[in-house]
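Chain by chain, the residues:
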Amino acid sequence: MSVETTSTVARVLKPTILILIALVAISSRLFSIIRFESVIHEFDPWFNYRTTQHLVKNGFYDFWNWFDEKSWYPLGRVVGGTVYPGIMVTSAVIHNVLHFFNFPVDIRNVCVFLAPMFSGLTAFSAYLLTKELKDSSAGLLAAAFLGVAPGYISRSVAGSYDNEGIAIFLLVFTFYLWIKAVKTGSAYFGLLTALFYFYMVSAWGGYVFITNLVPLHAFTLLLMGRYSNRLYVSYSTFYAVGTLLSMQIPFVGFQPTRTSEHMAALGVFGLLQLYAFAELVRGHVTPKQFKTLLRAGVSAVAVIAVVGLTLLSFSGVIAPFTGRFYSLYDTGYAKIHIPIIASVSEHQPTAWTSFFFDLQMLIFLFPAGVYLCFKELKDEHVFIILYSVFASYFAGVMVRLMLTLTPVVCVSAAIAYSTLLDTYLEKSDHVLGTNLKPLTATNDSNGDASTDAKPTSNGTKKPHSSGKGNAKEAKATAAKADAVESKAQAKSTAAAKRYPVFNWDSRAMVILQLTWFLFMFAWHCTYVTSGSYSSPSIVLASRQQDGSQMIIDDFREAYYWLRKNTKEDAKVMSWWDYGYQMAGMANVTTLVDNNTWNNTHIATVGKAMATSEEVSYEVLRRHDVDYVLILFGGVIGYSGDDINKFLWMIRIAEGVYPNEVKETNFFTPRGEYKVDQDATPTMKNSLMYKMSYYRFAELYGGNAVDHVRQARMPSEGPKLSVLEEAYTTENWLVRIFKVKDLDVLGRSLFDATDFDKGKIRKTKKF
Amino acid sequence: MRGLSRTTLFSVAAMLGLALLAIPSSISSSGLASAQPAGEALLAKKVARLSAKASANKGIISLDSSAFEDVMSKPRNYSVVVLFTAISPEFNCVPCLNFDPEYKLVASGWSKLADKSQLYFSVLDFKAGQEIFQKMGMNSAPSVLYFPATASQSTQDRYDFGRLGFQAEPFANWLNARAGTSIKVQRPIDYMDVCIKIIGTIACLFTVYQLFTKAGKILGSKYIWSAVSMFTIFIMISGHMWNQIRNPPYTAPGRDGRPGFIAQGFQNQFGLESQIVAVLYALICGSAIVLISVVPKIENPTQQRLVVWAAMCFFGFFFSVLIKFFQVKNPGYPFTLLFK
Amino acid sequence: MRFIHSQALVVIVASFLVAGQVAAFSSPEEAADFEAFAAQSEFADYGTIPVMEEDGPQQTHFESWSEKDVSIVPQNIKITNLLRTLDLSRPLIREITSAAIQNIAEEDVNDYYFPVDLAYMSNLAHITAENRKTKEALELVKDEQYLDGQFQYYRIKLSSPLTPGEKMQITIKSSLSNIIRPFPTHVGQAEKQKVLYFGNPFALTAYPATKQKTTVITPSNVLDVLHSPDEVDVVIKNNQVILGPYNDVSALEHGIFEIQYQLTGAIQHVRHLRRDVEVSHWGNNLAIEEHYNFVNNGAQLKGQFSRIDYQRNPMGLRDGNGILGFITQIPKLASEIYYRDEIGNISTSAIVHQPDHVQLHMKPRFPIFGGWNTTWYLGYNAPLDGYVHNVPKSDKYILKVPVFVPMKDTTYEQVEIRVVLPEGSQNVKVHIPFEVESIAQSTIKTYMDSAGRSTVTIEARNLIEDHAQDMLIEYEYSSASYLTKPFAAAAMLMAVFATSMIVSRLDFKIGGSAIKKNK
């Protein structure tokens, strides 16, 4: 059929496909709702949800200055200054717009469906990005991949209302804009990049990835002798505007000028200015003078820079790396120095299985794509290469950073895949003699302006930048340019004698196999998504003997009991994992929560849990705790309970109170971690142990078995004197204990309990 | 010769003297022995003996069962650090060997101190003191126990290798926290190493300078860079960092004696395992690249067909191997390609 | 004997007070206990402690002993015989007074007046009168004119005027809510609770009665009359207490009668119920949503809830006052039934299909013991046909829905009913079979509304099962307004497309021409 018709068909087809992809991306994230209900998942989302509610109810300024006295009792928390407000503001805006048009959608539903909606946008921006790199067909593939890749779904299913949900879209789109800016060299795109960078900064701590990757790209281009006014304009615009904007977020504040994470960007900015200046000077002086000037200038700048930086960093104006980032570089660091970071499961390194689980066949097509990027080595491909290398390193160090890797994997896998398809589908007749280099040639002929425009603009820029002057370095640059040109020639000549795939059978086999792999990929993604990534960890589902699904809803049972039947300002102590959920669902005051900003406070809670009743009662009274909440999986075999997390509590506590808590005392002489009768006395006396197993033995008439640790418990359970059981949920999953008040008759609580048990015969004194 | 011996004699005598001098202060400080003069004398002798032993062997007293009992026996006005270890090769206890020099480091650091504050370093090898191991319920070596002067034998304070690691510095800190000493660890400078480094760097710089003209080409050659970066990527996506951080064994003996290279558990892997995965990835990726960039360069149709088929079979085969591999790790996984 | 015991307790408490140990009562529960004790002590011996100030009914009684009250209604009737049954067998107390009356005046008598102690007005949930013979209901109104310091008189319009000397028999049924109070105030989770009833041993009449008798029915034999007038003899036969018969009781005679009896099970009380009824002609759908704010007014749980004791003998909970679940009725054709609370779906509910309706068994997240609260909301959709019918040949529609669907033995303190009518409906009229606090009309905007829907908000207090009748809402809804919605939607879409067209034709490029040159 004629070119026009193809192009028109394509013009109709592409939006349709994109819309379909978006729909697939959204709907494949709804398993959790179909399985369970429309509810906020896990831990952090509950905080975001709570703050969003506050924002919607009390307006932006109140939210901005919100001092939350219900968390980190008695310290409280300045919420406005310690959050990335992006996601809350986003959903609040959506909510208000809908209400303005008389669509009274509940804010909960906005929050629940936010991540899926944005995943659609992410797919679209993946399309745009890849289109810049190869062509629109590759773009469509990339969109499809990113739409369903489990590595991204894992953090963006309906209900997981977390920063990553929108951040990944912003990441990809910012990169797209950056590439666009570098290609066109327009301040307009530079500005857009800066704006979306700002949005990203407001949304996720991962913005540092952009802050370092973009300068790195610019720097690499400099090294490759690819300095151009396009680069200068785009980067300068991006950096200047972006940094200023990012400093408007209170949580970021002046970091861009202080912390080491942001130094690279600043440095490259300076470097570019110098380089540009040098270029300018070069035009106005004789090469000889320029040489001397260059020498002097470079050495001077180098000296100043080195001295200045060292001074600053020693004087502490420039902060050292923060723990989390430090743990990225020195991988052993966290384990020893920051147990809190080490204790978080998503900060663990990534085993190969996770890579395959999250990306299936993309993971090995990804390097092929990188290879192709090397074959074309345009500015944007350099970017993708850098992105791939660094993202794969970070993903290896921390599981959660799979998230930043996934987009680039999808993009470059898509490039590889579509190149394969191009090679084996292209019509043999008009293929002869053409080559893949100007991709737009083999590209379906709805030629997109930018890629067409590129080579010409290159052509115009290169001589312009290296043409002036005739001395050595001029030659050098010229030589470089020549090298590039010659390589290009070489490639074109090499690629000129390039043959189609002659035999239909080989074509058929390749295409069929690839298609089949696509199917497998789709199945895999669906399987993984529905199986592993769609349970809202606050409701557990278990299968009964008859195969029917049983819902275990103990968390909400306990939280709702707290919400309805404790006094308004009740203070509930628990391990920090449940802080956000309690604030959100139980609406009580918590001591510590998932925003682990104060190690000492957390250690104090750990100490209260790990020490004997006498000691911890002091702590409890001092923090006027009313209730203590723990998780206990021993009855139904829920392995994520507090006894299993206990070691972390002990470690963190020991870090701050080394004399009161000693990890070794919780291990038997044989170095085992036991809870049955061979448990160490320290273990048996610890508050956590007592609370967990309080009256547990009675449940099975003396011979109880802890189903998590497979331990037979002693028939004589622990006694509690300073606490009393307040509520225990249906499956014993959550146990809440009330802290007793001081005894009315001024006895020690131990005597009191003994007396009540009728142990000691004292005369009641009036 | 004789002079030497005399000097040694002198020194020994001097040390005894010092020890004797040290006793009264120690007694007064401890104040438990002062009750019974008999114990006092006994204690004095013991302390003298210990100090002698210690200073004889770079501040470390090597014990056997009887010696251990003797050291531990009351009265005791000094605190003791005991390293339970198994140096001798038949146990091939690698961590023991690793930790031994570090321990020595700390001990020597202690012996440099002016105020030794009644602390003694001692080593009990498994061969020398088996029964002590049993008595103390030691079933793992190395392990370090600290016995404070006042406390009895039963209260053990164990150094946690798992958390603090085998380095000398954390161990020294741990000890300082307990014994109230201020032991500093000075590692002896390995001049050889330093020299090698210096020379190496110089050499590198020189070669770079030499090759500077060509260096441009080398650094500029995108083939090198692509090789490097793709290598990095393969290493990373096959879970190398996991090995770096968790450092698992390279292989582990499987059921039937032969070294098993697949670790149990989804979030667990062996060194070899990840390397195998990396190779698989490389093979599949390679065949894809062949399909993309080699095939169109082949002029001869039959040849081309051959290559295409070969590459595609490669692709399919290793992909199914990979999936199978994954299925072993994750038994629930429903999909397979070639191998059921 | 309980009574003595309670006094003993009082003494203890008092001694605490004297010893200035109030500080000892740090926790609110204990403080509550204390007040409760004090309150009980009040009944036990007539001493007055300031604590009683806020206690309504008793207060007025103490005053009322001072002087003899005189009836202010015309004394044209005398009661020849009166039987009064006080049914305490359920938390909601029913009082049935059937009186034989005779006209003693010269002219006809049309009205019979029934006095209610003002202190009880707030508890009086429901009152009806009927002719005892013919069982026909008699019109009964609160008479504003006859209202003195202590009594509100209800005027009962006799079916036919009573000629001089003529006799007839009438029955007055009244239901009183929130009168009984649990004592002792705390019980264990598997312990039977006891409650106190404090009231009038005589049937309160506006006319002298030659003969009257009161029968008190309690749920079980475990009962204990703590106080009754000395002049009467109290006969207790198993679960009944018979006061009287007394002869020649003067008008408005009253005294003190206090009984403590065993009342197992919860005392269910809905603090606030909001019922939303939304009519949609387009979807031919009636959407109903009910928000409950519930509390168990039974004796508070002693100590704390112990799961293990419960799991060891679940039967034990029958004796205690913990609530394990509610049962409510919803229409047979209801669909999309949901049962949620502030933090999501309550997964423990079951639906049982009955021949004429659907039973929804709601199990709250946690068993609700005395003093425990919870909230929930449930909703469903039902086809509109069963509820709305069109007055033939007119735009007039009539909506007929129950005011609310009651749960058994439950008192509703505040009920707010919101009926949302389709957009553009006019001249709304509301007919409710009983008197309510307020009826207000407003408009609210919801999905795709331009003008907003006219809404009726009805507020009522202190409702019980007897109020669960149908209400009629009459409104006009023209077929023109029936079509507004699709037009509005279409217009909106048009706007969207138009804007997109315009935007796509604009050029935002800076120096766009320069870039075009490159192309």
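As a starting point, this report considers the structure included with it. For every chain, the first residue of the written sequence is number 1, and numbering continues from 1 along that sequence. Chain letters and ligand numbers both follow the written order, the letters beginning at A and the numbers at 1. Confidence filtering applies because this is a predicted model: local features only for residues at pLDDT of at least 70, side-chain atom pairs given and counted only at 80 or more, and all residues used for totals across whole chains, interfaces and linings. Hydrogens and water molecules were not included; the side-chain quantities draw on all heavy atoms of the structure.

A few words on the interface of chain A and chain B. Whether two residues touch is decided by their heavy atoms; if any such pair falls within 4.5 Å, the residues are in contact. Between chain A and chain B, the contact holds 65 residues from the first and 64 residues from the second. The salt bridge criterion pairs a side-chain nitrogen of Lys or Arg with a carboxyl oxygen of Asp or Glu, the two atoms within 4 Å. In this assembly, chain A and chain B are joined by 1 salt bridge. Between R305 of chain B and D505 of chain A there is a salt bridge whose closest N-O contact spans 2.8 Å. In this text, helices come from DSSP runs of H or I with a minimum length of four residues, and strands from runs of E with a minimum of two, each type numbered from the N-terminal end. Of all elements in the fold, only helix 17 (333-337), helix 19 (352-359), helix 20 (362-375), helix 21 (379-397), helix 22 (402-425), helix 26 (472-496), helix 27 (504-532) and helix 32 (642-656) of chain A reach the threshold of two or more residues within the side of chain A that touches chain B. By residue number, the principal contributor to the side of chain A that touches chain B is helix 27 of chain A, which donates 12 residues.

So, on to the pairing of strand 7 (residues 167-176) of chain C. Residues and elements named next belong to chain C. Here the term buried applies to any residue with accessible area under 20% of the maximum for its type, exposed to any over 50%, and partly exposed to those in between, with areas from a 1.4 Å probe on protein chains only. The element strand 7 is extensively covered by neighbouring structure, given that 7 of its 10 residues are classed as buried. In short, DSSP must find at least two bridges between two strands for them to pair. As paired elements, strand 2 (residues 93-103) and strand 7 share 10 bridges and run antiparallel to each other. In the sheet register, E95 faces strand 7, and the bridge partner there is S174. In this sheet, strand 7 lies alongside strand 4 (residues 124-131) in antiparallel orientation, the contact comprising 7 bridges. From the neighbouring strand, T128 faces strand 7, where its bridge partner is K173.

Next up on the list: the sheet that holds strand 1 (residues 60-63) of chain B. Residues and elements named next belong to chain B. With mixed pairing, the 5 strands of this open sheet are ordered in space as 1-3-2-4-5. A single partner strand is all that each edge strand has here, and the edge strands are strand 1 and strand 5 (157-158). Only the stretch in contact is used when fitting a helix axis, every axis being a line fitted to C-alpha atoms; angles between N-to-C directions are given from 0 to 180 degrees. Those strands touched by helix 3 (residues 65-72) are strand 1, strand 2 (79-85), strand 3 (119-125) and strand 4 (143-147), and its axis lies near 155° from that of strand 2.

Reports of interface size often rely on the accessible area that becomes lost once the parts have come together. Taken together, the contacts link 37 residues of chain C with 34 residues of chain A. Summed over both partners, the accessible surface that disappears when two parts come together, traced with a 1.4 Å probe, is what is meant by buried area. Carbon and sulfur atoms supply 56% of the area that chain C and chain A bury against each other, a total of about 3,400 Å² over both sides. When the buried surface of chain C facing chain A is broken down by residue, Q304, R307 and I343 of chain C rank first, second and third, together holding 20% of it. Here chain C and chain A share 5 salt bridges between them. Residue assignment for the side of chain C that touches chain A shows that the elements contributing at least two residues are helix 5 (307-312), strand 21 (344-345) and strand 24 (373-383) of chain C. The dominant element in the side of chain C that touches chain A, judged by the number of residues it contributes, is helix 5 of chain C, at 5 residues. The residue classification treats Ala, Val, Leu, Ile, Met, Phe, Trp, Tyr, Cys and Pro as nonpolar and Asp, Glu, Lys and Arg as charged. All others, Gly included, are polar. Of the residues belonging to the side of chain C that touches chain A, the class tally is 13 nonpolar, 13 polar and 11 charged.

All names here are of chain A. Pairing of aromatic rings covers Phe, Tyr and Trp, the last through its six-membered ring, and needs centres within 6.5 Å; plane angles under 30 degrees mean stacked, over 60 mean edge-to-face, and all others mean tilted. By the definition in use, this model includes 90 aromatic pairs over all chains. For the ring pair W178 and Y235, a centre distance of 6.1 Å and an interplane angle of 80° mean the geometry is edge-to-face. One end of the pair, W178, is in helix 9 (residues 163-184); the other, Y235, is in helix 12 (residues 229-246), and 57 residues separate them in sequence. Using a relative accessible area of 0% as the deciding quantity, one classes W178 as buried. Relative to F238, the ring of W178 lies with its centre 5.9 Å away and its plane at 55°, an arrangement referred to as tilted. With W178 in helix 9 and F238 in helix 12, the pair connects residues that are 60 residues apart, well separated along the chain. In this pair, the class of W178 matches that of F238, namely buried. A ring has a charge above it when a Lys NZ or an Arg CZ is no more than 6 Å from the ring centre and no more than 35 degrees off the ring normal. Above the plane of the ring of Y73 lies K571, whose end atom (NZ or CZ) is 5.0 Å from the centre. Sitting over the face of the ring of Y627, K738 holds its NZ or CZ atom 5.7 Å from the ring centroid.

Everything listed is a geometric property; what it means functionally is a separate question.
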